[in-house]
Amino acid sequence: MTAVAEPASSPAGEFGRSRARKEDAHLITGRSRWTGNLTLPGMLHMAVLRSPLAHARITGIDVSEAKSMPGVVAVYTGADLAEEQGDLPSAWPITPDMKKPPAPALAVDTVNFAGDAVAVVLARSDYEAHDALEGIDVDYEDLPVVLDLESAAAEGSELVHPDLGTNVSATWKLDSGEAGSGGDVEQAIAEAESSPDGIVVRRTLRQQRLVPAFMEPRAVVVDPNAQQATMWSSTQIPHILKLMLAMTLGIPEHKLRVIAPDVGGGFGGKLQVTPEEVLTLLTARRLGKPVKYAESRSESMQAAHHGRAQLQKLTLAAKRDGTVTGMKVELLADMGAYMRLLSPGIPVLGAFMFNGIYKIPAYHFSCSPVFTSKVPTDAYRGAGRPEATFGIERMMSELAAELGIDPLEIREKNWITHEEFPFNTVSGLTYDTGNYEAATARARELFGYDALRREQAERRERKDPVQLGIGVSTFTEMCGLAPSRVLGSLDYGAGGWEHAQVRMLPTGKVEVVTGISPHGQGHVTGFSQVVADRLGVPFDDVEIIHGDTQSAPKGLDTYGSRSLTVGGVAVAHAVATVIAKARPIAAHMMECAEDDLEFTEGRFQVRGTEKAVGITDVALAVFAAHDMPEGVEPSLDSDVTYDPENFSFPHGTHLCAVEVDTETGRVELRSYVAVDDVGRVVNPMLVEGQVHGGLAQGIAQALFEEAVYDESGTLLSGSFAEYLIPTAADLPSFTTDRTETPATSNTLGVKGVGEAGTIASTPAVVNAVLDAVRQFGVRDIDMPCTPMRVWKAIQEGAR
């Protein structure tokens, strides 16, 4: 369902048109190129031996039997590669004194989580490589494991890395009073506690560990050609990966090429420089032969990074009329055993979103990344923003419940009204546009909010064993990670710009080179529509080139809903440059002044006349270059690097109805309405796909998914038999709609959409579950809200 009318089909009217994806034809006809399917002449296969222990000292490794097994070419331990493998990069030192332990790709003397790589086998076949792992004998000396996040952060805890002297890596703070963006939060809390007209709500909320669970497990192939080594990797970040590998291993950057072919999903899980990428490249260079690594699903779950894993101590101060006066966030973030590429910065991103859509006058945020004996954590769809939205949206509903005010009413009392934009928030950001009233009104209408509240009251009155719960989530997010100067102020190790090149071919066809690297989003389709709309050429005449650092040498890749808001805007700017370069040539061709020309639907036309020339005609004239204006080069090609002036801020209202069987704890989703505002929409079908996928993942966190460890640090949910991912049968048919408030921070008026569904849906569902059982004295249930946890909460609350 959509509230935005689609324009009539025309080359110059691509915005708002649901075109079928260009990408799908080769995917559904068996012509895809997954890294795991690549085979090179003479290629060897790499298998990784992983530690079964969460924390241990390696006292000896015997590889002699493995070396003698059939097909085995080489076996390497951490000691063999210690001088070459360097240290896996962490590009976000959030404080100058942040403690970061060494992170070797292959453990040298100590393993720090169950799954840490200990040795690799190179063999002529994948089967022979994995068989030879059985021939490696490792002696371990057990060391204490550190699993509980609060205990790990406490004084006197056992240490994951004793050389650091602590498990707490750093403490990062944002205080509105100190920053000058708001008042003193301690004063706001004290006043609310001391005044009869005040209230303070305190909760400790838990974000469980999640596994990104992308469809295609990671794979890497390296051809170590002496002139230029080429790596194919199932990655979201070919450009960043190339740079990081060059810096980590001391390889000249121009001697390395990285290709991301077809990539089967990522969700942040492939926003990484992995041990396996380092090891594949190192061993291929050592042996002078192509090497391939392809992980199994269980390896992916055991060794690829996890997400979320936070403990949030939240304090909300307010007046008894529902006006919020202060918000305090004290957060512990589980890093796992090592810092990966962005690990410590992920919770910092949330610092700017705990205030949500609300006019909170005083705010304090502190975050401590903490080491544990678990798989490292890093970005997972939303990366810090879902955790923050969960916190503020749970607290707003808790405040409403404490005061006996409807949760929509209390949000309306505190949110930024559409007349107040642009709005400077208490966390220091400037929201450019938004209309929370419109999105909420539409969601309320579609949901049948008032009727459902009446039904809920009737069920409570008759003590129905199946209770109805209604959950609310009104959210915004910062996405399109940029501008570079802001990222620099946060000590992030890269910029936020993006590169695009547009090449006009003599026949009028268009090649677009982008630094954005897709993994299922539909970039080729969406970018083709942007070019067709702006340049006035047919959609099918646009070719998008991406994912190869040789053919698309500049870029900062794909994450954080930046593809359209940064990469797509860069493409639009490059198209504008093409038009600007064509203008004097077109004027010369028609013997008129440039100022007399207007450009619409792919044609330069002299105002007030029928005289016109198409952009494709100009392209052919430039190729011939027989009659160019004096001093004008014969080229329409453009090259643009775009650095945004601000983040983009999509928003929306999500409403969820659940039925909870109070006798069994079973939760059933009855209906779900999502009304999102993502600015101008290029392709509604792509937007719907992103929203639906995001909803599934956010609901999964609320009800299904959790990475669980036993007391020894062994991952118990190491396959899809134990790690529960919902299927279509577990989810309702979503009702989705849009309002449209164009962004003013970019020329296309677009906002991000890739993470919106995930960010909004988790608190909507949990708020609904709690709304159903709050009458029994239940104030919180740890996610996922499984039947057992819900049932136990009801029993304990009823005592």
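Quick summary incoming for the structure in this document. (Residues numbered from 1 in each chain as written. Predicted model: local features only at pLDDT ≥ 70, side-chain atom pairs only at ≥ 80, totals over all residues. Heavy atoms only, no water.)

Details of the sheet that holds strand E18 (residues 466–476)
To keep things clear, this is the line we draw: Think of it this way: DSSP has to see at least two bridges between two strands before they count as a pair. In this description a helix means any DSSP run of H or I spanning at least four residues, a strand means any run of E spanning at least two, and both kinds are numbered starting from the N terminus. To get an axis, a line is fitted to the C-alpha atoms, and for a helix only the part in contact is used. The angle between two axes follows their N-to-C directions and goes from 0 to 180 degrees. In what follows, a contact means two residues having at least one pair of non-hydrogen atoms within 4.5 Å.
Here 4 strands make up an open sheet; going across it, the order is E18-E26-E27-E28 and the pairing mixed. A single partner strand is all that each edge strand has here, and the edge strands are E18 and strand E28 (735–738). For this sheet the average axis-to-axis angle between neighbouring strands, irrespective of direction, equals 10°. With 11 bridges joining them, E18 and strand E26 (residues 651–661) adopt antiparallel strand pairing. Looking at the pairing, Thr476 lines up with His651 of E26. Sitting on the sheet, helix H15 (residues 449–461) is in contact with E18, E26 and strand E27 (667–677), with an inclination near 145° to E18.

As for unusual backbone geometry
The cut-off we apply is this: Exposure classes here rest on a 1.4 Å probe applied to the protein chains alone. A residue is buried below 20% of its type maximum, exposed above 50%, and partly exposed in between.
Cis peptide bonds are those with omega within 30 degrees of zero, and the linkage from Ala482 to Pro483 qualifies with 0°. Turning to its location among the elements, Pro483 is positioned in the loop between E18 and helix H16 (484–489). The residue after Met783, namely Pro784, is reached through a cis peptide bond having omega -5°. Position of Pro784 relative to the elements: it lies in the loop between helix H21 (756–773) and helix H22 (787–797). Although it is not a glycine, Glu601 adopts a positive phi angle of roughly 50°. Mapped onto the fold, Glu601 is located in the loop between strand E22 (597–600) and strand E23 (603–606). Overall, the relative accessible area of 61% leaves Glu601 in the exposed class.

Comments concerning the packing of helix H20 (residues 684–703) against H21
Convention followed: Angles below 35 degrees are treated as roughly parallel, those above 145 as roughly antiparallel, those between 65 and 115 as roughly perpendicular, and all remaining angles as oblique. Crossing handedness is read from the near helix: turned anticlockwise from the far helix by less than a right angle, it gives a left-handed crossing, and turned clockwise, a right-handed one. Side-chain classes follow a simple rule in which Ala, Val, Leu, Ile, Met, Phe, Trp, Tyr, Cys and Pro form the nonpolar group, Asp, Glu, Lys and Arg form the charged group, and the remainder, Gly included, forms the polar group.
At a minimum axis separation of 7 Å, H20 and H21 run at an interaxial angle of 40°. Viewed along their axes, H20 and H21 adopt a mutual orientation that is oblique. Both H20 and H21 take part in a crossing whose hand is right-handed. Residues Val691, Gly694, Leu695, Gln697, Gly698, Ile699, Gln701, Ala702 and Leu703 of H20 form the contact with H21, whose participating residues are Gly757, Thr758, Ser761, Thr762, Val765, Val766 and Val769. Of the residues in the contact of H20 with H21, the class split is 8 nonpolar, 8 polar and no charged.

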